[in-house]
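Chain by chain, the residues:
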Amino acid sequence: MAADETDAFWGSSVLDAVHEALAQLILALVAGHLAGVVFESWRHRENLIGAMITGRKHRTGA
């Protein structure tokens with residue numbers, strides 16, 4: 001793909017709006033994911049973030 005083919009969309013207000021909306025959506029999804037991890041860590045009384053970093057999780061009796 002040549003540079004002149006991609007320049008056709010440079011400065012397009014529609015693509016700028018779509019890009020901005022998708023960027024905001026990704027930020028909202030990341031925030032939701034982090035909130036879910038914190039909530040589940042609290043609900044199950046275990047350090048899920050530490051387990052994600054170290055790969056080790058305390059076993060509960062079964």
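Residues numbered from 1 in each chain as written. Predicted model: local features only at pLDDT ≥ 70, side-chain atom pairs only at ≥ 80, totals over all residues. Heavy atoms only, no water.

1. Observations concerning the confidence of the model for the protein chain
When pLDDT drops low, the exact placement of atoms in the prediction is not to be read closely. Let me state the cut-off plainly: Summary of the metric used: pLDDT quantifies the predictor's per-residue confidence within the range 0 to 100. Put simply, DSSP marks the helices as runs of H or I at least four residues long and the strands as runs of E at least two long, and each gets a number from the N terminus on.
The pLDDT averaged across the protein chain works out to 85; a share of 85% of its residues lies at or above 70. Between the elements of the protein chain, mean pLDDT differs from a low of 62, seen in helix α1 (residues 3–6), to a high of 95, seen in helix α2 (residues 13–43).

2. Quick notes on the packing of aromatic side chains
Heads up, the rule is: Here is the rule: rings of Phe, Tyr and Trp (six-membered ring for Trp) pair when centre to centre is within 6.5 Å. Planes less than 30 degrees apart are stacked, more than 60 are edge-to-face, and the remainder are tilted. When a residue's accessible area, from a 1.4 Å probe over protein chains only, is under 20% of the maximum for its type it is buried; when over 50% it is exposed; and in between it is partly exposed.
Scanning all chains against the criterion turns up one aromatic pair. Relative to Trp42, the ring of Phe39 has its centre 5.8 Å away and its plane inclined at 40°; by these criteria the two rings are tilted. You can see Phe39 and its partner Trp42 sitting in helix α2, three residues apart, about one turn around the helix. Among the residues examined, Phe39 registers a relative accessible area of 44% and is labelled partly exposed.

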